[in-house]
Amino acid sequence: MRRFRKHIHHRLSVVSAIAIFFWCFCCNGSNVLSSDWACQRSKAELLCEKSESQITIDRVCEQIARGDFEGARQLVRKAAIHGSEALEQLTAVIDEYMAIKAQRKIAKNEAYREQVEELDRLRCERVPEDVNGIDKVLSVVVNILEYADNEQKEALIKDSFIQQTIAQAKAKAAQFEMKGKWLEAYKICYGKLKQIYKDDRKYHDHAQELLDKSDILLSFQDSSCQSFKERYAGIKKETFINVVHILDSSYVNIIDYHQMAVRGLSRCQLLSEVMSNPYLDSFYNLQSAHFNNWGTSIDAMLRDVNQSSANINKDKFVDIFEKVLALNRSRCGGIEIPHNLLIAHFAEGALSALDPYTVVYWPSQVQDFKKAVKNQFPGIGIKFTKEQGLIKVVSVLPNTPAYKCGLKAGDIIKAVDGILTSGMSTECAVRSITGPEGTEVTLTVVRAADDKACEITLSRARIDVPSVQGFEKTNTDKWQYMIDERNGIGYVQITAFDSRTAESFEDVLCQLDSEGLKGLILDLRSNPGGLLDSAVEIADKFISRGLIVRTQPRFGMATYESAREERTHPDRPLVILVNNLTASASEIVAGALQDPKYNRAVLVGERTYGKGSVQTIASQSGTEAQLKYTIAYYHLPSGQRVESQNKMPSSDKENWGISPDVTVKLRSDELQKLVEVQRASQSSTEYYLSRQRIDSDPQLAIGLLVLKSKMIQSGYTLVSN
């Protein structure tokens, strides 16, 4: 019994001592304790402060990773913690962001002021009636709208001078349309109006109709690189019917044949309108009465289709297609245009009802398509687009003939070997500019900066586009992948996903590991996608295990791509840069690494393109034609689908693609400056150019700040540059 009491007394003493410790600890500085207890209390306080500091750091970094730098600043200011080096460094990160934000606001206001001054100068003249004057005014309006706030936009559009100019533009466009000059009507008026009135569907639809009519007109004409007969050679009725059968069984969605019929017949209507225009040379010298009868017959078919929309299946759709071909050759309502031309246009219209990525490559287009897939071709090293009938350089690849001759993004290629490009199709322009290795091509170029034309002669070379690139080139013409050597921050840009991308990226990561990599910027901006397998291998390097992407077809089993632990690199902080041209396979990488299941990366930039679909190629037996069509949709690890922008209703404009965690949208003036500095940085390794490159690229600069905050959160102490 005495032993039991002694045992109880001992336990109570221990409990009392613990209670006294915690009471004294909570009293924060009581002198009751002995020196030993005071020492223990001091250690406990330090642990408590460290825990509180880490909680604050985590909260601040979470705010930064959501793009809420102001919220992060308020958290730091409220924190009653002093002497924390991490918090001091986070404060510096936040301050630098605020400085970038302020500088961008000043630049935006300055750009707005310059454009308003230009408009005021034009306003001093009378309301323009000529094409050039109208174009100048509307171009300035489009520029101002980019920099204006909502109140300024509303006031600008209501301005009487602007409204009078728009009225003149519409009147001038109507004159062009009457004469069959649809591209001119688009340039002078509706191409600008769809930018000014972005929410008004009628301007978008009419602008597209003008472009469609212009494309139809071009399709009739012989060009410098392809005759009409060559363009439509090998196109057969049976080929398109076989395409319909393939799509019926394998396309990703149940097909709406009513919409396909409407789009196909509507294209035939446009065909009739173009061919019957009295200001154009009659096609095959037919009388306008023939076209009127054709148009009346197509209208009647459209009415029948709309009245029986629920009853149109695959067989009925094929029947409508064959009736159009039969009508073409009938004595009543026929126009007897070449069948291959009619098949191509009906097919193009019908397939547009599905999605932009389901197309038929006819025999004359197959070789160009194969070149694009391989990412290897003889040429001069530029990427270009056709805007408003003009061939505009989008980007220039380093160390290519175009790069060495000084071509820049924004330059307009007015002519190729003396032949104007305004009448060229995109395919023809590609063929004219590319050619056998070692041969020469002369371009007439209008500089983006000064509107002056000059001739440049280049020698074509084999262009092998590297899909994995660094920040800048070294003196030995190799990519530099460390953007901040003192802090171990790497930068890798992936421009596309081809068969060599994963292997090249692995080599770069290993090189960076050996150089002391602590954090990585992965740049997927303007990456159009490519091979799914390649994208999966890239994502696998950052995820140890679990689902990366699920590919879901309409029929059959889904395909699952999962990560493997043996391929994974160390779990270092990762930021991914994205923009509105980040598409397809690059959206899979960005989406999987951002997914809440892993939270592996922070995305910085703009909402991605929204092409969450898989295409496959089907060759057509007995012909060289190929069908590229959508076979499945992508689903991210948490199950959500990467929604397609073109399928989003107008009321839901912000739910496609992948949304960034930190939104940073570049303005056109920033994009222009960035292109100039990128070119300079690729030819020099001087530090001021590196710093200038970062300063000229707000997405990269803010991405670096986000990455640094993640590095601080993980316990890394930054070295001041």
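Our subject is the structure that appears above.
Residues numbered from 1 in each chain as written. Predicted model: local features only at pLDDT ≥ 70, side-chain atom pairs only at ≥ 80, totals over all residues. Heavy atoms only, no water.

### Observations regarding the packing of aromatic side chains
Centre distance and the angle of the planes are the two values used to describe a pair of aromatic rings. Here the structure, examined in full by the defined rule, presents 12 aromatic pairs. When the centroid spacing of 5.0 Å and the interplanar angle of 70° are considered together, the rings of phenylalanine 240 and phenylalanine 321 count as edge-to-face. Residue phenylalanine 240 is found in helix H11 (residues 237-250), and its partner phenylalanine 321 is found in helix H14 (residues 314-329); the two are separated by 81 residues along the sequence. Phenylalanine 321 shares its class with phenylalanine 240; the two are buried. Joined through ring pairs, the aromatic side chains of Phe240, Tyr257, Phe317, Phe321 and Phe346 make up one cluster. Stacked on the ring of tryptophan 656, the Lys or Arg arginine 607 has its end atom at 5.9 Å from the ring centre. Against the face of tyrosine 633 rests arginine 641, its NZ or CZ located 3.5 Å from the ring centre. (Phe/Tyr/Trp six-rings, centres within 6.5 Å; stacked < 30°, edge-to-face > 60°. Helix = DSSP H or I, 4+ residues; strand = E, 2+ residues; numbered from the N terminus. Buried < 20%, exposed > 50% of the residue type's maximum accessible area, 1.4 Å probe, protein only. Lys NZ or Arg CZ within 6 Å of the ring centre and 35° of its normal.)

### Description of the pattern of salt bridges
Scanning the model with the defined rule gives 31 salt bridges in all. The salt bridge partner of arginine 104 is glutamate 670, with a shortest N-O separation of 2.8 Å. Pair noted here: arginine 104 is in helix H4 (residues 85-123) and glutamate 670 is in helix H22 (residues 668-681), with a separation of 566 residues, a long-range link. Comparing arginine 104 with glutamate 670 shows no difference in burial state: the two are buried. (Salt bridge = Lys/Arg side-chain N within 4 Å of Asp/Glu carboxyl O.)

### So, the environment of asparagine 253
Along the polypeptide, asparagine 253 turns up in the loop between H11 and helix H12 (257-275). Residue classification places asparagine 253 among the partly exposed positions, given a relative accessible area of 28%. With 101 residues separating them along the chain, asparagine 253 and leucine 354 place their C-alpha atoms 8.8 Å apart. Apart from residues no more than four positions distant in its own chain, asparagine 253 is found in contact with Arg554 and Tyr633. Within the structure, the side chain of asparagine 253 is placed 2.7 Å from the side chain of tyrosine 633, a separation counted as a polar contact. (Contact = heavy atoms within 4.5 Å. Polar contact = N/O pair within 3.5 Å; in protein donor to acceptor, adjacent residues only side chain to side chain.)

### Here we look at H12
The terminal C-alpha atoms of H12, which comprises 19 residues, lie 27 Å apart, in line with the 27 Å expected from a rise of 1.5 Å per residue. Of all the 19 residues making up H12, 14 are buried; the element is thus mostly covered by neighbouring parts of the structure. Between a side-chain oxygen at the N-terminus of H12 and the backbone nitrogen of histidine 258 the separation is 3.2 Å; the capping residue is aspartate 256. (Expected span 1.5 Å × (residues − 1).)

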